[in-house]
Amino acid sequence: MTNAANAEVRQVLEGFMAHVIKRNPGETEFHQAVREVAHSVIPYTFDHPEYRKEKILARMTEPDRIIIFRVSWEDDEGNVRADRAWRVQFNNSIGPYKGGLRFHPTVNQSILKFLGFEQVFKNSLTTLPMGGGKGGANFDPKGKSDREVMRFCQSMMTELYRHIGARVDVPAGDIGVGAREIGYLFGQYKRLRNEFEGVLTGKGLAFGGSLIRTEATGYGTVYFMENMLNHRGDGVKGKKCTVSGSGNVAIYTIEKLLDLGATAVTASDSGGTIYDPDGIDREKLAWLKELKEVRRGRISEYAEHFGCEYMPGKRPWVVPCDLAFPSATQNEVDAEDARTLVDNGCFGVAEGANMPSDTDAVAVFQEAKIMYGPGKAANAGGVAVSGLEQSQNSTRVAWTRDEVDEKLHKIMSDIHEQCVIYGGSDDGYVDYVNGSNIGGFVKVANAMLGYGVV
Ligand code: NDP
Ligand code: 2IT
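What you see is a predicted model, and the numbers here were worked out from it, not measured in a lab. (Residues numbered from 1 in each chain as written. Chains lettered and ligands numbered in written order. Predicted model: local features only at pLDDT ≥ 70, side-chain atom pairs only at ≥ 80, totals over all residues. Heavy atoms only, no water.)

Undergrad: I'd love a proper account of the site of ligand 2, names of residues and values included.
TA: Residues in contact with ligand 2 amount to 14 residues; listed here are only the nearest, Lys98, Lys122, Asp174, Arg213 and Ser386. Contacts to ligand 2 include aspartate 174, whose side-chain N or O atom sits 2.9 Å from a nitrogen atom. Note that an oxygen atom of ligand 2 is positioned 2.6 Å from one of the side-chain N or O atoms of serine 386. Coverage of ligand 2 by the protein chains reaches 94% of its 290 Å² of free accessible surface. Secondary-structure elements contributing two or more residues to the shell around ligand 2 are β3 (97-103), α5 (109-125) and α15 (381-395). Among the residues forming the shell around ligand 2, the class breakdown is 2 nonpolar, 7 polar and 5 charged. (Near = heavy atom within 4 Å. Polar contact = N/O pair within 3.5 Å; in protein donor to acceptor, adjacent residues only side chain to side chain. Areas by Shrake-Rupley, 256 points an atom, 1.4 Å probe, with all protein chains shown as cover. Helix = DSSP H or I, 4+ residues; strand = E, 2+ residues; numbered from the N terminus. Nonpolar A, V, L, I, M, F, W, Y, C, P; charged D, E, K, R; others polar.)

As structure tokens, then:
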């Protein structure tokens, strides 16, 4: 591009963002997610004027609708509680809305809009027919009894059920929402509608869940890293890895790293990080699963039990590694963390979490030209297997573990391929940010062009 053309692109981009910020005041996470996509897509639309003429990207930043509602429930002491819940139905151009539910005290509209927006592109990349949505509540499941969580979920579904359906909107899990919560939500939906349908994914295996859905996000993130490495003639085997978080995504990332002969040396939660230089082996991982999935304990207990270092209040990025897997939450890697990682020799990042690297951290990775796989590509395996769960539900079949894993492999490699098509350059470097943003955009944009002005 000439200097004049570059200046024009920049001007359009800044004007576009000014408009987004004005229309969505204070929603900083949402602005961040839109800016990252606009950086890739606006230059692309200069070569594809039909998208600009029809204002496709601008229309994509406006959710189809947002449903906000009160969830009243009673705790074990008989106190009345009132929380707030949302469902952001972002875009259903290529399929029913699809995306998780997050239960966390920090949940607000900005966070759910950023997650819903990202989901539109991620779901498009999976190659499956899924639109994008996200929801959740500012309910804090920590320290609540099973019965309290059940009452909350039942109350939430008593409103949510009117807005969702197997052909309308299909929620799943995210932070604070796992198999237990999906069970309670599905049970209430079924009772209210008197219909047994695939309205949620991540269900228990006894009632329509898919094999490998629990593992899919972590497994898929490692498969994506393997694809990025294979593209450069390397592989995951033998690499030392840092992983953040100790929830669903982190645990199955660590498991797949072990399967492929790599070593994870860290895990974390909101309290701090454990550093186990010997690596989290199978026995320790089994203990960690029990700690997090059954006892719902803290990561500091791992350090006490196995006698390794615990770094309270710290994130894993100070630990030298070859590969990093941020798998906890948004903006958990800042520019300083990114510089530390790169200076310590890290040459690959695959994001299991959604938007874990902030804008400045992404710039550090890109300037250093390390392999950087953004969440919408790297962690798409979770929603992809959700899509496979929907297919199994609607055809009333159940695929084997191997069948689902094989399809997951294929989907992750197809996503990688799309990134290379839209983000590759002659010197072999792949810009996975541009690749995933443009790759995710094109299919949704073409559907929107087909629909006319709606
Ligand atoms: P879980 O609830 O199972 O685990 C979340 C983990 O992240 C916990 O270790 C938690 O620690 C930590 N964490 C959460 N919030 C914070 C915070 N504000 N600061 C520090 N640590 C935090 O969630 P998942 O593993 O399912 O999700 C993790 C990430 O992966 C999220 O970004 C989610 O959006 C993304 N993701 C999840 C998918 C899925 O299928 N589940 C699919 C694709 C992406 P603590 O217990 O202390 O809160
Ligand atoms: O961010 C995500 O992709 C998820 N939380 C999974 C969504 C899903 O519908 O499986």
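So, next bit.
Undergrad: So what's going on with the layout of surface pockets? Residues and values would help.
TA: Each pocket or cavity is described by its volume, and for the second largest pocket that value is around 480 Å³. Lining the second largest pocket we find 18 residues, and of these Ala166, Gly198, Gln390, Asn393 and Ser394 sit closest to its centre. Its residues assigned to classes, the lining of the second largest pocket shows 7 nonpolar, 7 polar and 4 charged. (1 Å grid on protein atoms, 1.4 Å probe; cavity = no way out; pocket = protein on both sides within 12 Å on 5 of 7 lines; lining within 4 Å. Points joined across faces, edges and corners; volume = space filled by probe spheres on them.)

Undergrad: Summarise the pairing of strand β8 (residues 266-269); cite the residues concerned and give the values.
TA: The alternating pattern of β8 places Thr266 and Ser268 on one face and Ala267 and Asp269 on the opposite face, and all of these are buried. Where β8 folds back onto strand β9 (residues 272-275) in an antiparallel hairpin, the turn is made up of 2 residues. (Buried < 20%, exposed > 50% of the residue type's maximum accessible area, 1.4 Å probe, protein only. Pairing = 2+ DSSP bridges.)

Undergrad: If you had to explain the nonpolar core to someone new, which residues and values would you point to?
TA: Membership of the largest hydrophobic core comes to 53 residues, with the highest contact counts inside it found for Phe224, Met225, Leu257 and Phe325. Looking at this core element by element, the count peaks at 8 residues for helix α8 (residues 213-231). Not counting the four nearest positions on each side in its chain, phenylalanine 325 is found in contact with Thr221, Val222, Met225, Cys241, Thr242, Val243, Ser244, Thr253, Leu257, Trp317 and Ala350. By size, the runner-up hydrophobic cluster in this structure holds 37 residues, among which are Leu13, Ala38, Phe90 and Phe121. (Core = buried A, V, L, I, M, F, W, Y, C linked by side-chain atoms within 4.5 Å. Contact = heavy atoms within 4.5 Å.)

Undergrad: Summarise helix α1 (residues 3-23); cite the residues concerned and give the values.
TA: The end-to-end C-alpha distance of α1, which contains 21 residues, comes to 30 Å, matching closely the 30 Å that a straight helix rising 1.5 Å per residue would cover. Every buried residue belonging to α1 is among Val9, Leu13, Phe16, Met17 and Val20, and all of these are buried. Projected down its long axis, α1 shows its buried positions confined to an angular sector of 95°, all on one face. Of the exposed residues in α1, those oriented more than 90 degrees away from the buried face are Asn3, Ala4, Gln11 and Lys22. Turning to α1, the residues buried within the fold contact α2 (28-46) and α4 (56-60). (Expected span 1.5 Å × (residues − 1). Arc of directions from axis to C-beta.)

Undergrad: Requested: an account of helix α16 (residues 401-423), with residues and values cited.
TA: The terminal C-alpha atoms of α16 lie 32 Å apart, and with 23 residues this matches the ideal 33 Å at 1.5 Å per residue to within 8%. Of the positions making up α16, those classed as buried are Val404, Asp405, Leu408, Ile411, Met412, Ile415, His416, Gln418, Cys419, Val420 and Gly423. At its buried positions, α16 is contacted by α5, α8, α14 (375-378), α15 and α17 (432-451).

Undergrad: Explain the sheet that holds β9 to me, using residue names and the numbers behind them.
TA: Read across the sheet, 3 strands follow the order β8-β9-β10 without closing on themselves; strand pairing throughout is antiparallel. Among the strands making up the open sheet, the edge pair consists of β8 and β10 (309-312). Averaged over all neighbouring strand pairs, the angle between strand axes comes to 20°, with direction disregarded. Relative to β9, β8 runs antiparallel, the two being bridged by 4 bridges. Bridge pairing links alanine 267 to isoleucine 274 in β9. (Axes fitted to C-alpha atoms, helices over the stretch in contact; angles between N-to-C directions.)

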